[in-house]
Amino acid sequence: MEKLKTIGVVGAGQMGSGIAQLAAINGFHVKLLDSDPNALSKATNNITNSIQRLISKGKLPQATITDALKRLHCTTSMEDFCSADFVIEAIAESEAVKKKLFTELDKITKPSAFLASNTSSISITRLASVTSRPNQVIGMHFMNPPPIMTLVEIIRGTDTSDETFNVTKTLAERFGKTVVCSQDYSGFIVNRILMPMINEAFFTLYTGVATKEDIDTGMKLGTNQPMGPLELADFIGLDVCLSILKVLHTGLGDVKYSPCPLLVQYVDAGRLGRKSGVGVYDYRNAPTSTKKAARL
């Protein structure tokens with residue numbers, strides 16, 4: 001781990017800012033990249049507030065905020081990644097967009113840098129194929145929200161080296177995470193199992209088996225889950241769920257992964273979940289106290 005001093009994170013959304021927070025509080029210099037300055041400003045505020053909550057719960061010392069923010073550098077220029085030792089992308093779940101990014105990162109970062117994707121379903125082998133260093137490309141899938149959830153999935157591409165794997169595993173453990181390893185197949189472990197459950201919950205709603213409230217209550221109390229599958233889908237983002245199901249359906253060729261028409265309809269209507277204000281549930285007039293973070 002001595003060789004890792006600077007970590008680059010691409011994307012200042014909920015996942016990217018959470019990953020940047022983990023890196024900063026664990027002693028790394030962090031460069032957080034986003035094309036939108038407003039997103040970077042929001043990310044800095046979110047990181048500050050998140051650390052403060054952890055301090056108030058006694059999980060971090062008071063000096064953590066000052067020290068972490070000193071190590072955090074926000075930027076809109078990818079050229080700033082020229083000194084990064086390890087880069088984690090956390091952008092839109094689109095293979096074309098990610099491939100374009102990896103092509104650019106390959107040109108800008110130093111030859112020794114490791115490139116990781118936070119993708120939840122897309123082939124690491126295909127992402128690595130657009131670079132000149134496929135042996136240094138790996139999947140590092142954090143759960144949402146990264147500062148709270150204890151799991152990281154690590155996915156090796158066809159050419160991922162043992163060194164890349166070992167460095168990535170050690171980094172995840174430095175972040176305080178438990179690591180599970182998956183082969184490079186669509187959906188990996190978590191979403192290979194989770195997304196069909198969410199999809200089936202949509203089919204259960206679509207066919208009138210039960211109301212959304214009863215579906216979620218049934219799964220929460222009947223299977224001891226902290227959130228029902230429809231509420232969880234809203235938290236993840238219905239567009240993200242749909243994208244993952246399409247990857248599963250295309251990659252595995254099984255009709256059981258075909259997205260429910262109701263899920264497709266909601267996404268077409270712009271009902272994306274919490275981030276848009278309405279999804280399966282309507283959050284636009286919800287009290288702040290009900291807007292809790294997911295734990296799954």
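In this text, all values refer to a predicted model and were calculated from it rather than measured experimentally.

> Explanation requested: the overall build of the protein chain in the structure shown.
Across its full length, the protein chain holds 11 helices and eight strands. Relative to the globule expectation of 19 Å for 296 residues, the C-alpha radius of gyration of the protein chain, 19 Å, shows essentially globular dimensions. Along the first, second and third principal axes, the C-alpha atoms of the protein chain reach 55 × 45 × 30 Å. For the protein chain, buried positions account for 51% of its 296 residues. Taking as baseline every contact in the protein chain between residues at least 6 positions apart, the subset at least 24 positions apart corresponds to 67%. Treating the 32 positive side-chain charges of the protein chain as one cloud and the 28 negative ones as another, the clouds have centres 5 Å apart.

> Help me out: how do you make sense of the UniProt feature "binding site: CoA" (unreviewed entry) in the protein chain in this one?
As recorded in UniProt, the sites labelled "binding site: CoA" (unreviewed entry) are Ser50, Lys57 and Ser120. A maximum C-alpha distance of 29.8 Å among these annotated residues, which run over 71 residues, shows that they spread across the structure rather than meeting at one spot. Its place among the elements puts Ser50 in helix α2 (residues 37-56). Sequence-distant contacts of Ser50, defined by excluding residues within four places in its chain, comprise Gln21 and Pro147. Residue placement: Lys57 occurs in the loop between α2 and α3 (64-71). Under the relative-accessibility criterion, Lys57 is labelled exposed at 54%.

> Explanation requested: the UniProt feature "binding site: NAD(+)" (unreviewed entry) in the protein chain in the structure shown.
Mapped onto the present numbering, the UniProt feature "binding site: NAD(+)" (unreviewed entry) falls at Gly11, Ala12, Gly13, Gln14, Met15, Gly16, Asp34, Glu93, Lys98, Ser120, Asn144 and Lys275. Topologically, Ala12 is positioned in the loop between β1 (6-10) and α1 (14-25). Accessibility expressed as a relative area gives 8% for Ala12, which makes it buried. When near neighbours in sequence (up to four residues on either side) are disregarded, Ala12 contacts Ser17, Leu32, Leu33, Asp34, Ala39, Leu40 and Ala43. Locating Ser120 in the fold gives a position in the loop between β5 (114-117) and α5 (124-128). Setting aside chain neighbours within four positions, we find Ser120 in contact with Glu93, His141, Gly187, Phe188, Asn191 and Ile244.

> Quick question: what am I supposed to make of the nonpolar core here?
One recurring pattern in soluble globular proteins: nonpolar side chains tend to sit buried together. Counting residues in hydrophobic clusters, the biggest one holds 40 residues, and the most contacted among them are Ile7, Phe86, Met140 and Phe142. Here this core gets seven residues from one element, more than from any other, and that element is α2. If sequence neighbours within four positions are ignored, Ile7 has contacts with Ala23, Phe28, His29, Val30, Lys31, Phe86, Ile88, Leu171 and Phe175. Among the nonpolar cores identified, the runner-up in size contains 28 residues, and Met227, Leu232, Phe235 and Tyr257 belong to it.

What counts, and at which threshold
Counting restarts for each chain, with residues numbered from 1 along the sequence as it is written. Only residues with pLDDT of at least 70 get local features here, since the model is predicted, and only at 80 or more are side-chain atom pairs given and counted; chain-wide, interface and lining totals rely on the full set of residues. Hydrogens and water are ignored here; the side-chain numbers use all heavy atoms of the structure. Elements are defined by DSSP. Helices are runs of H or I of four residues or more, strands are runs of E of two residues or more, and each kind is numbered from the N terminus. Throughout, radius of gyration means the C-alpha value; the globule benchmark is 2.2 Å times the number of residues raised to the power 0.38. Residue exposure (1.4 Å probe, protein chains only): buried if accessible area is under 20% of the type maximum, exposed if over 50%, otherwise partly exposed. It only takes one pair of heavy atoms within 4.5 Å for two residues to be counted as in contact. Charge counting follows a simple rule: Lys and Arg are positive, Asp and Glu are negative, and His as well as the terminal groups are ignored. Charge positions are represented by NZ for Lys, CZ for Arg, CG for Asp and CD for Glu. UniProt positions are given in the numbering used here, feature names are shortened, and annotations may be inferred rather than shown by experiment. To define a nonpolar core, start from buried Ala, Val, Leu, Ile, Met, Phe, Trp, Tyr and Cys residues and group those joined through side-chain atoms within 4.5 Å.

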